[in-house]
Amino acid sequence: MSKTILFQGDSITDCGRTCSQDPSASLGMGYPFFISARLQAEHLGDEPTVINRGISGNRVVDLYARWKIDALNLNPDVLSILIGVNDTWHEFSYNNGVEVPRYAEFYRKLLDWTREKLPACALVLCEPFVLETGVVTPAWVNEINERRKVVKDLAEEYRTVFVPFQSVLSAAAAKAGDPAKILGDGVHPTPCGHQLMADAWLKAAADVL
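Residues numbered from 1 in each chain as written. Predicted model: local features only at pLDDT ≥ 70, side-chain atom pairs only at ≥ 80, totals over all residues. Heavy atoms only, no water.

How should the overall build of the chain be read in this particular structure?
The secondary structure content of the chain amounts to 8 helices and 5 strands. Reading the chain from its N end, one meets helices and strands in the order β-α-α-β-α-β-α-α-β-α-β-α-α. Against the compact-globule benchmark of 17 Å for 209 residues, the chain has a radius of gyration of 16 Å, which places it among compact chains. Each of the three principal axes of the chain carries a C-alpha extent, and together these read 45 × 35 × 35 Å. Expressed as a percentage of its 209 residues, the buried residues of the chain come to 50%. The long-range fraction of contacts in the chain, counting pairs at least 24 apart against all pairs at least 6 apart in sequence, stands at 77%. When the accessible surface of the chain is totalled, it reaches about 9500 Å², and 52% of it is carbon and sulfur. Separation between the mean location of the 20 positive side-chain charges and that of the 26 negative ones in the chain comes to 3 Å. (Helix = DSSP H or I, 4+ residues; strand = E, 2+ residues; numbered from the N terminus. Rg over C-alpha atoms; globule rule 2.2 N^0.38 Å. Buried < 20%, exposed > 50% of the residue type's maximum accessible area, 1.4 Å probe, protein only. Contact = heavy atoms within 4.5 Å. Areas by Shrake-Rupley, 256 points an atom, 1.4 Å probe, with all protein chains shown as cover. Lys, Arg positive; Asp, Glu negative; His and termini not counted. Charge placed at Lys NZ, Arg CZ, Asp CG, Glu CD.)

See the structure below:
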């Protein structure tokens, strides 16, 4: 394999990596960690380099501000992006969110910039998600659905991998009978939720690994 795989996003991707003083915890304890473990085990002797640059609290505009140093300069072969829930959460809680049209605009800027500087890089666009429990209200769900459409449409337009996290997690929540078993507060995955995400990501991205 010998590829460099970069994960970008917010606290869901970060999952404790920026809070740890242990260099071995640089992947955090979420879906990037589970994905890395699986790929390392399957490609012993030719292991990929997996990097996590998720930062808790980030919105799409925060990604844009640090894109050069935290994405382009790392020259990944595969770049995975999961962003969007804070663009909603920060609006409902702090009146500092990113409206859906502006979210689409800046997301497109990230993709165009990446295609310009790293034309050989495979892009993996991950669907933002919530479940109606904890902090999540029906109004959140409606707005996240709009952001989901933005990401799916961009994935189709740019012919990238699309990871359908919402449908996977919603199905798991229905089976569990309690959405908090999957997303504890409606936003952040439990260990079970992260494992489901890792499995869905590996399935969707198989052709670019």
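From this point, things continue past the structure.
Sorry if this is basic, but what is going on with the side chain of D87 here?
Position of D87 relative to the elements: it lies in helix α4 (residues 85-94). In this structure, D87 is buried with no salt-bridge partner, the nearest side chain bearing the opposite charge being R147 at 4.7 Å. (Salt bridge = Lys/Arg side-chain N within 4 Å of Asp/Glu carboxyl O.)

Explanation requested: the pattern of salt bridges in the structure shown.
Should their charged atoms come close, side chains of opposite charge can pair. Summed over the entire model, instances satisfying the criterion amount to 10 salt bridges. Here E143 makes a salt bridge to R147, at a shortest N to O gap of 2.6 Å. Of the two residues, E143 and R147 both sit in helix α6 (residues 138-158), 4 residues apart, roughly one turn of that helix. Connected via shared salt-bridge partners are R53, R66 and D70.

It is not clear to me how the sheet that holds strand β1 (residues 4-9) should be interpreted in this structure. Could you clarify?
Taken together, the 5 strands give an open sheet; going across it, the order is β2-β1-β3-β4-β5, and neighbouring strands pair in parallel fashion. Whereas interior strands pair on both sides, the edge strands pair on one side only; in this sheet they are β2 (49-52) and β5 (161-163). Ignoring which end each strand starts from, the neighbouring axes of this sheet average 20 degrees apart. Pairing of β1 with strand β3 (residues 78-82), which is carried by 5 bridges, proceeds in the parallel orientation. From the neighbouring strand, I5 faces β3, where its bridge partner is V78. Contacting β1 and β3, helix α3 (residues 60-70) crosses the sheet at an angle of about 160 degrees to β1. Helix-sheet contacts for helix α5 (residues 100-117) involve β3 and β4 (122-126), and the interaxial angle to β4 is about 165 degrees. (Pairing = 2+ DSSP bridges. Axes fitted to C-alpha atoms, helices over the stretch in contact; angles between N-to-C directions.)

Any chance you could explain the environment of L6 here in plain terms?
Among the secondary structure elements, L6 is positioned in strand β1. For the pair L6 and A122, spaced 116 residues apart in sequence, the C-alpha to C-alpha distance is 10 Å. Sequence-distant contacts of L6, defined by excluding residues within four places in its chain, comprise I51, R53, D70, A71, L74, P76, V78, L79 and S80.

Help me understand the packing of aromatic side chains in this model?
When we look at a pair of aromatic rings, we describe it by the centre distance and by the angle of the planes. Evaluation of the coordinates by the stated rule reveals 10 aromatic pairs. Note on F7 and W201: the rings are 5.1 Å apart at their centroids and 50 degrees apart in plane angle, and the pair reads as tilted. Note that F7 is positioned in strand β1 and W201 in helix α8 (residues 191-204), a separation of 194 residues in sequence. For the pair F7 and W201, one class covers both residues: buried. An aromatic cluster is present here, built from F7, Y31, F129, F165 and W201 joined pairwise through their rings. The residue whose ring lies beneath K109 is F106, and the NZ or CZ to ring-centre distance is 5.9 Å. One residue, R147, lies across the ring of Y103, its end atom 4.9 Å from the ring centre. (Phe/Tyr/Trp six-rings, centres within 6.5 Å; stacked < 30°, edge-to-face > 60°. Lys NZ or Arg CZ within 6 Å of the ring centre and 35° of its normal.)

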